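# Summary of structural features
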Amino acid sequence: MSEAVAPETTETVAGGGDPAVPRHVAIIMDGNGRWAKKKGLPRVAGHREGAEAVRRTLKAAVEAGVECLTLYAFSSENWRRSEEEVTDLKGLMRFYLERELEELAREGVRLRFIGEPSAFGPDLWERLQLAAARTAGNDTLTLNVALNYGSQQELARAAQILAQEVAEGLITPDEITVERLGGVLQTAELPPLDLLIRTSGEVRLSNFLLWQAAYAELVFLDLLWPDFDAQAFKGALGTFAKRQRRFGGR
Ligand code: IPE
Ligand code: IPE
Ligand code: MG
């Protein structure tokens, strides 16, 4: 049972950076629909403004020295929305990918994805893969976008991978440890999650990074995502810096 001792305690500061600055920040970008409704606009207008908030946030994260920014852009459950809204969201992803890729590459941002984005169809999937390949060598910041992502699905998939290894006789069941399971999650190569922010006033995780958030600091903001800006990001980092992390110690 020795692996139950939280390795994050040392890993979190192992990057050599300031422990008051989170290495890995994740955001549940919620509230686009409500923002649009408040303004009497269609939901797609909220998503469009939400994409502008992504630009601002990315810039603020680079300036703050954050290593990895994970953004929840589309959940496994968001297929429950109208066909029109899903089509709008796919269109916006394609548009912004096209528009921003050059600049992301220039700024040294490494773009990668978690979830099952192939479900968005071969056209978008191919563009996403090309964008990831194009920026793979960059190291200013890793922008990890969760597309058709569900944490429960990710964990079920991890269980399947390890079950297959057991079936093939590569490992025994007792070799399925916290480290081994964490190692087959889609976030395996990323720094441990330090800070998780959700906008829109909802206080829930909505199937996002359930495993990874074990010792993350959680910040819930009343702001709607399209209103999120550098100041709000800095505010959340300030809140994080004041938190006392214990990882089960004293
Ligand atoms: C978040 O905003 C964006 C996505 C989930 C794609 P919402 O669309 O959930 O906005 P609200 O929660 O309805 O206001
Ligand atoms: C979570 O927001 C998913 C994203 C931000 C992409 P939702 O709006 O889908 O979450 P619920 O339905 O309010 O829990
Ligand atoms: Mg929502």
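Residues numbered from 1 in each chain as written. Chains lettered and ligands numbered in written order. Predicted model: local features only at pLDDT ≥ 70, side-chain atom pairs only at ≥ 80, totals over all residues. Heavy atoms only, no water.

We now examine the site of ligand 1. Near ligand 1 you find 13 residues, and of these Asp30, Gly33, Arg34, Arg43 and Arg81 are the closest. A distance of 3.1 Å separates an oxygen atom of ligand 1 from a polar backbone atom of Asn32. One of the backbone nitrogen or oxygen atoms of Arg34 is found 2.7 Å away from an oxygen atom of ligand 1. Protein contacts shield 87% of the accessible area of ligand 1, which totals 380 Å² for the unbound molecule. Of all elements in the fold, only helix H2 (32–38), helix H3 (43–64) and helix H4 (83–106) reach the threshold of two or more residues within the shell around ligand 1. Among the elements that make up the shell around ligand 1, the one with the highest residue count is H2 (3 residues). (Near = heavy atom within 4 Å. Polar contact = N/O pair within 3.5 Å; in protein donor to acceptor, adjacent residues only side chain to side chain. Areas by Shrake-Rupley, 256 points an atom, 1.4 Å probe, with all protein chains shown as cover. Helix = DSSP H or I, 4+ residues; strand = E, 2+ residues; numbered from the N terminus.)

Moving on, we come to the site of ligand 2. Around ligand 2 sit Ile28, Met29, Asp30, Tyr72, Ala73, Phe74, Asn78, Arg81, Arg198, Arg204 and Ser206, and those are all the residues in its vicinity. Taking Asn78, its side chain carries an N or O atom lying 2.9 Å from an oxygen atom of ligand 2. Between ligand 2 and Arg81, the relevant distance is 3.2 Å, taken from an oxygen atom to a side-chain nitrogen or oxygen of the residue. Protein contacts shield 78% of the accessible area of ligand 2, which totals 390 Å² for the unbound molecule. Tallied by class, the residues present in the shell around ligand 2 amount to 5 nonpolar, 2 polar and 4 charged. (Nonpolar A, V, L, I, M, F, W, Y, C, P; charged D, E, K, R; others polar.)

On the surface, a cluster of nonpolar side chains totalling about 240 Å² of accessible area is made up of Val203, Leu218 and Phe220. When you line up the elements, Phe220 lands in strand S6 (residues 217–220). Since its relative accessible area comes to 31%, Phe220 is described here as partly exposed. (Patch = residues over 30% accessible without salt bridge, like charges linked within 9 Å, V, L, I, M, F, W, Y side chains within 5 Å. Salt bridge = Lys/Arg side-chain N within 4 Å of Asp/Glu carboxyl O. Buried < 20%, exposed > 50% of the residue type's maximum accessible area, 1.4 Å probe, protein only.)

Of the two faces of S6, only one is covered, namely that formed by Glu217 and Val219; the face formed by Leu218 and Phe220 stays uncovered. Taken together, the 4 bridges between strand S5 (residues 195–198) and S6 define a ladder with parallel strand orientation. Residue pairing across strands places Leu196 opposite Leu218, the latter belonging to S6. (Pairing = 2+ DSSP bridges.)

Another aspect to go through is the pattern of salt bridges. All chains considered together, the criterion is met by 22 salt bridges. In this structure, Arg204 and Glu202 form a salt bridge, with 3.4 Å as the shortest nitrogen-oxygen distance. Using a relative accessible area of 45% as the deciding quantity, one classes Arg204 as partly exposed. The class for Glu202 is partly exposed, based on a relative accessible area of 23%.

Pairing is parallel across the open sheet formed by 6 strands, whose spatial order is S3-S4-S2-S1-S5-S6. Every other strand in the sheet has two partners, leaving strand S3 (109–115) and S6 as the edge strands with one partner each. Within this sheet the neighbouring strands show an average axis-to-axis angle of 20°, counted without direction. Strand direction decides the pairing type here: strand S1 (residues 24–28) and S5, joined by 4 bridges, are parallel. In the strand pairing of S5, Ala26 is matched with Leu196. In the packing of helix H8 (residues 230–242) onto the sheet, contacts are made with S1, strand S2 (68–75), S5 and S6, and the angle to S5 comes to roughly 135°. (Axes fitted to C-alpha atoms, helices over the stretch in contact; angles between N-to-C directions. Contact = heavy atoms within 4.5 Å.)

A few words on unusual backbone geometry. Of note in the backbone geometry, Ser206 takes a positive phi value of approximately 45° without being a glycine. Look at Asn207: it is not a glycine, yet its phi comes out positive at around 65°. The residue Asn207 is located in the loop between S5 and S6 in this model.

Turning to the environment of Leu195, a few remarks are in order. Checked against the element boundaries, Leu195 lands in strand S5. Distance in space between the C-alpha atoms of Leu195 and Gln160 is 28 Å, their sequence separation being 35 residues. In this structure Leu195 touches Pro22, His24, Val25, Ala26, Ala216, Glu217, Val219, Ala236, Leu237 and Phe240, once residues within four positions along its chain are discounted.

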